[in-house]
2 protein chains.
Amino acid sequence: MQAAQHLKFKHIGIDTRQEHVIFMRRDCAVCRAEGFEALTRVLVSAGQRSVLATVHVVDSAILAPGEAGLSNHASQALGLVPGQAIAVTHAPTLDSLSLVRAKIFGHRLDADAFKDIIADIARGYYTDMHTAAFLAACAGGRMNEQETTDLTRAMVLAGEVIDWGQSPIADKHCVGGLPGNRTTPIVVAIVAAAGLMMPKTSSRAITSPAGTADVMETLTRVDLDMATMRRVVEREGGCFVWGGALALSPADDFLIRVERPLDLDSDAQLVASILSKKLAAGATHVVLDIPVGPSAKVRSQEDAEYLEALMQHVAQAHGLTLRILRTLGAEPVGRGVGPALEARDVLAVLQGHKDAPQDLRARALLLAGELLELCAQAPDGAGYQRAQTLLDEGNAWRKFQAICAAQGGLREPGVAAIQETIVSPSAGFIAEIDNRQLSRIAKLAGAPATAVAGIDLHVRRGERIAKGAPLFTIHADAPGVLAYAKDYQASHPAIDITREA
Amino acid sequence: MQAAQHLKFKHIGIDTRQEHVIFMRRDCAVCRAEGFEALTRVLVSAGQRSVLATVHVVDSAILAPGEAGLSNHASQALGLVPGQAIAVTHAPTLDSLSLVRAKIFGHRLDADAFKDIIADIARGYYTDMHTAAFLAACAGGRMNEQETTDLTRAMVLAGEVIDWGQSPIADKHCVGGLPGNRTTPIVVAIVAAAGLMMPKTSSRAITSPAGTADVMETLTRVDLDMATMRRVVEREGGCFVWGGALALSPADDFLIRVERPLDLDSDAQLVASILSKKLAAGATHVVLDIPVGPSAKVRSQEDAEYLEALMQHVAQAHGLTLRILRTLGAEPVGRGVGPALEARDVLAVLQGHKDAPQDLRARALLLAGELLELCAQAPDGAGYQRAQTLLDEGNAWRKFQAICAAQGGLREPGVAAIQETIVSPSAGFIAEIDNRQLSRIAKLAGAPATAVAGIDLHVRRGERIAKGAPLFTIHADAPGVLAYAKDYQASHPAIDITREA
């Protein structure tokens, strides 16, 4: 188990995102000595660094004898240069998988069990298959309050925890499911303009066409490291940072990577994901927005009550002051759905444009007002008015610009090369807008991976519409994805029109 | 969406087993036009054939502009030759995933739902991640009798169903968990020697160190096609065929591929897997052996009762005559654990060697006797005696040789290059043998992928043992895997020795 295990790294430039793959010749000494075959999991080491990877066996001349290739993410994680020696050994036995199996078979897990599972996930030791099994086992009401609390703590402990050395530290979160509901950048600008500290870290989209980090990335740099983030927050009181760059609750990113293609987001995972990020980011006072509607993430008042109780239980167990707002979630917020289109709406509200989406503005003021009250910056009942003043007098817009400047500069969001407008097939009233179908169309058009892709919505519920009048415009950057989005829209129209009598 | 989608196939010889991967240049017209990025799922077509594959994006010169590579299994499935044109489009929307999500969230699924899910799995449309989520959602008592019946039917309908045009068609199955319990080849030989038809199809190992197909493959060809299997059975009355080559319940192989690394085998999946294979193979009369023991697959009498009731319910719903035997499952059967080592034990019993494992012989006679009774070839209570006569007079061994000859010839199982014996650290009695730990050691040594790998057990429960006397010998074909097996054994000794007073 010594010299024979070393192979020379060859750059073969294969991108498999965060799934680490090692390419090894079938006839190489390491494969033969160790009994490696395709899909074996191995530990690849170079110096002090190591990653787990899946073996793909090569039967051709793309590798010379003694060479091995690695997927891009894996070679970056190891900091490899071509020709560098890498050592390959069997993956360590993953003892935590027996805990996953216990959960699958309906047993309760304790705090140590979640710590072991989450630590292995955060190290990248689980394949997507293992993570999928864990997520499915924790969904569907199979996690009680204690387990959810323990899962949350395990997720916090698996990464960095920021201590800001003061209180309150404000934060907010929206449970999501409403396309275009991009209040966060506006709320941060208002709250920081009021003099509070709100070091906002956001995630990318899980199952939606855009997360706040995706939207803010179209406007400024969001992948700040910890030192830069501290500098921005100490200077401006707020920031817009992608949490994934900070190793805050790092397991969450691995979980999200699997939740996204499975389109799976359970209550326990939702609570643990949200609260672990807030706790790791050092938040002490949090306002949580739960939109409820037939096609929002939370569909009924009963579901919302259950989720609220779970959230409050876990928040209290971790010493977090949490205020939950249940809001209407019947239709999209603003007009844009997709990173760049939502950024455009955010700028319109901050800049006080006459045609800025009023629903987005009102929601942001509501949340900012609650947060100002929760952090004792406004008497109860006076938060909304205070927030409105900070927005209307331009303080919030100036603060937004200052934060973006501190993060590396404010830029213009892009515009899609291809735009195609879907028109109403009949005259009538807009009866319902299906958030899920609309999100699906935006995602098929390329959002969030393609920042300029998405939907620009031209109608609101209850409005009268003429036959042939525009319903929404699909934005895409390639004809293939546009066609794909239109194919889906043809059978899932997303907007239900009641004909006039 | 026409000409630009075509790429020229280049053979790059990358083995990813049944996980289909397409390698495409980042700058290729198809990637850009269609918006493909790493891990996108795509439909790859050549002529009338198509497969779903996962995109790996290539940033290097291993592909020239206009070329695409495919993993070996995918290019074989498409029947590609180098330079052949392939078309790449977005994968069809997998509507059945919403049914998987419903199951994850605790809803009951109906027959149509299982049909849709299983059809997509059998087509290879699910990634391992999707399949893992489905399996986890169906485990832990979350499937009722009706769902298990419907799942079984869906699995039968997704593939071929053989009609032998006569009755009875005998079959047997052992629920497993006992290392070395390789009665099937002996039972088939006895039952076919009695003149019954027993067209045995077997699977490879799921979580054990060997399945019957793995064992028989060390003795003869088992990957027969349907026509060859019919010819063998019509001539000899029996056969030993790997079911995976026949498209009988083809979804089962995809499920097993994920169950194996997850080490996950739920009651509902177990019943559906076993009975769908039997029904698709045309069986009418089946004897099922359920070993019960603290480290067998079924650990308690209550678990066995539950499983038996579920098996009988599903069998009756499908018109199958089923007799279930509950047997002792406290320790391994025979001496060998692993394909070639178990084959050696089978031959010893069939050939009537003096030192043949008596426990393996007795179990095979019991099951063969029950099957002879169930198929009215022996009066109740006289089956064991009839089976013993057929074995002891050499009819079974002659039938076994004749079947192997018809399948392409009988060969000798191989022997491992590396053998290392683990000895007793103290004098005493063999108190317990942990089937799971023993299986784990055999698997770490390379079984079943390495046919000669496994364990040769030298002791039985209750025996007295001297300090330094051999407990078992690990067989391996590479020092790396031997070291890995020994590492595990050092902390999980598998055999518990009570010191003499």
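Before reading further, recall that the structure is shown in the block above.
Keep in mind it's a predicted model, so treat the numbers as computed, not measured. (Residues numbered from 1 in each chain as written. Chains lettered and ligands numbered in written order. Predicted model: local features only at pLDDT ≥ 70, side-chain atom pairs only at ≥ 80, totals over all residues. Heavy atoms only, no water.)

**Student:** Explain the overall build of chain A here, please?
**Tutor:** Along its length, chain A carries 18 helices and 18 strands. Taken over the C-alpha atoms alone, chain A extends approximately 75 × 55 × 45 Å along its principal axes. Of all 501 residues assigned to chain A, the portion counted as buried reaches 61%. A fraction of 78% describes how many contacts in chain A between residues 6 or more apart in sequence connect residues 24 or more apart. About 18,400 Å² of surface is accessible on chain A, with carbon and sulfur atoms providing 49% of the total. Of the charged side chains in chain A, 49 are positive and 56 negative; the average position of the first set lies 3 Å away from that of the second. (Helix = DSSP H or I, 4+ residues; strand = E, 2+ residues; numbered from the N terminus. Buried < 20%, exposed > 50% of the residue type's maximum accessible area, 1.4 Å probe, protein only. Contact = heavy atoms within 4.5 Å. Areas by Shrake-Rupley, 256 points an atom, 1.4 Å probe, with all protein chains shown as cover. Lys, Arg positive; Asp, Glu negative; His and termini not counted. Charge placed at Lys NZ, Arg CZ, Asp CG, Glu CD.)

**Student:** Would you mind showing me how to read the interface of chain B and chain A here?
**Tutor:** Residue-level contacts link 59 residues of chain B with 59 residues of chain A. On the surface where chain B and chain A come into contact, there are 2 salt bridges. A:Asp15 serves as the salt-bridge partner of B:Arg26, at 2.9 Å between the closest nitrogen and oxygen. Among the elements of the structure, β1 (6-15), β2 (21-25), α1 (29-34), β4 (49-58), α3 (96-104), α5 (128-138), α10 (251-262) and α18 (479-491) of chain B are those that each provide at least two residues to the side of chain B that touches chain A. For the side of chain B that touches chain A, the residue count by class is 31 nonpolar, 13 polar and 15 charged. (Salt bridge = Lys/Arg side-chain N within 4 Å of Asp/Glu carboxyl O. Nonpolar A, V, L, I, M, F, W, Y, C, P; charged D, E, K, R; others polar.)

**Student:** Sorry, what's going on with the relation of the copies chain B and chain A here?
**Tutor:** For these two chain copies, the linking operation is a rotation about an axis paired with a shift along it. If you rotate chain B by 180° and push it 0.0 Å along the axis, it lands on chain A with an RMSD of 0.1 Å. One copy is carried onto the other by what is essentially a two-fold rotation axis. Relative to the rotation axis, the C-alpha of B:Met129 is the closest in chain B, positioned 2.1 Å from it. (Least-squares fit on C-alpha atoms with pLDDT ≥ 70 in both.)

**Student:** I tried to follow the environment of B:Thr127 on my own but got confused; where do I start?
**Tutor:** Relative to the assigned elements, B:Thr127 resides in the loop between α4 (111-122) and α5. Distance in space between the C-alpha atoms of B:Thr127 and B:Thr54 is 8.6 Å, their sequence separation being 73 residues.

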